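Examining the three-dimensional arrangement
The lines below spell out each chain.
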Amino acid sequence: MSFRIRGQNATSGMGVADHSKDAFLELKRKKAYRYVIFKIDEKKKEVVVEKTGNPAESYDDFTASMPENDCRYAVYDFDFVTSENCQKSKIFFIAWSPAISRIRAKMLYATSKERFKRELDGIHYEIQATDPTEMDLEVIRDRAN
């Protein structure tokens with residue numbers, strides 16, 4: 001006998017807001033954003049968009065937008081030029097869980113991550129970061145190449 005669970009994640013109870021999926025699709029298809037930062041709204045029990053970055057924003061702008069002491073999910077559209085001089089773009093999923101964040105927040109984000117990622121079709125790489133050095137621009141560059 002098999003059971004299918006629809007909507008919310010059975011482990012954490014978190015759903016995914018439609019505007020979260022829409023924001024990702026606009027980043028992926030229309031290049032409307034350089035990045036999208038998501039947070040879990042515990043009252044609504046869903047992942048919502050906290051902030052979007054316009055296409056002209058830098059990686060430094062993105063990292064400065066991440067909270068120092070709370071968990072977040074983010075997607076970042078990284079543009080680069082290959083050694084063959086081809087323009088490429090890769091979408092990174094970043095699970096930000098700083099060491100100083102609350103244990104409850106870390107647990108909530110950890111148990112909701114896979115369900116949320118499944119909603120975002122088109123992610124090339126995933127990075128799990130607990131401090132800023134683990135999601136440094138060099139780390140992104142190395143993964144993309």
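The structure under discussion appears in the preceding block.
The following refers to the structure shown. (Residues numbered from 1 in each chain as written. Predicted model: local features only at pLDDT ≥ 70, side-chain atom pairs only at ≥ 80, totals over all residues. Heavy atoms only, no water.)

Our next topic: the sheet that holds strand β4 (residues 72-81). Judged by pairing direction, the sheet is mixed, and its six strands sit side by side in the order β1-β3-β2-β4-β5-β6 without closing on themselves. Pairing within the sheet leaves two strands with one partner each, and these edge strands are β1 (15-16) and β6 (125-129). As paired elements, β4 and strand β5 (residues 87-96) share 10 bridges and run antiparallel to each other. Looking across to β5, one finds that Phe-78 is bridged to Lys-90. Against the sheet, helix α1 (residues 18-30) contacts β1, β2 (35-41), β3 (46-53), β4 and β5, and its axis sits at roughly 35° relative to β3. Relative to the sheet, helix α4 (residues 137-144) contacts β4, β5 and β6, its axis offset from that of β6 by approximately 150°. (Pairing = 2+ DSSP bridges. Helix = DSSP H or I, 4+ residues; strand = E, 2+ residues; numbered from the N terminus. Contact = heavy atoms within 4.5 Å. Axes fitted to C-alpha atoms, helices over the stretch in contact; angles between N-to-C directions.)

So, on to the environment of Asp-79. With respect to the element layout, Asp-79 can be found in strand β4. If near-sequence neighbours (up to four positions away) are discounted, Asp-79 is found in contact with Lys-31, Arg-34, Gln-87, Lys-88 and Ser-89. In this structure the side chain of Asp-79 is engaged in a polar contact, spanning 2.9 Å, whose partner is the side chain of Arg-34. (Polar contact = N/O pair within 3.5 Å; in protein donor to acceptor, adjacent residues only side chain to side chain.)

Let's shift gears to the pairing of β5. Counted along the chain from β4 to the antiparallel partner β5, the turn is five residues long, and its residue Asn-85 has a positive phi close to 65°. In this sheet, β6 lies alongside β5 in parallel orientation, the contact comprising five bridges. Looking at the pairing, Phe-93 lines up with Glu-126 of β6. The parallel pair β5 and β6 is bridged by helix α3 (residues 103-119), and the resulting crossover is right-handed. (Right-handed = clockwise from strand over helix to strand, strands pointing away.)

The next thing to look at is the pattern of salt bridges. Two side chains with opposite charge may pair up if their charged atoms get near one another. For the coordinates displayed, the defined rule picks out 12 salt bridges. Its salt-bridge partner being Arg-34, residue Asp-79 comes within 2.9 Å of it at the nearest N-O pair. Of this pair, Asp-79 sits in strand β4 while Arg-34 sits in the loop between α1 and β2, and the two are 45 residues apart along the sequence. When the shortest N-O distance is used, the salt bridge between Lys-117 and Glu-126 registers 2.4 Å. In the salt-bridge network here, residues are joined through shared partners; they are Asp-18, Lys-21, Arg-115 and Glu-119. (Salt bridge = Lys/Arg side-chain N within 4 Å of Asp/Glu carboxyl O.)

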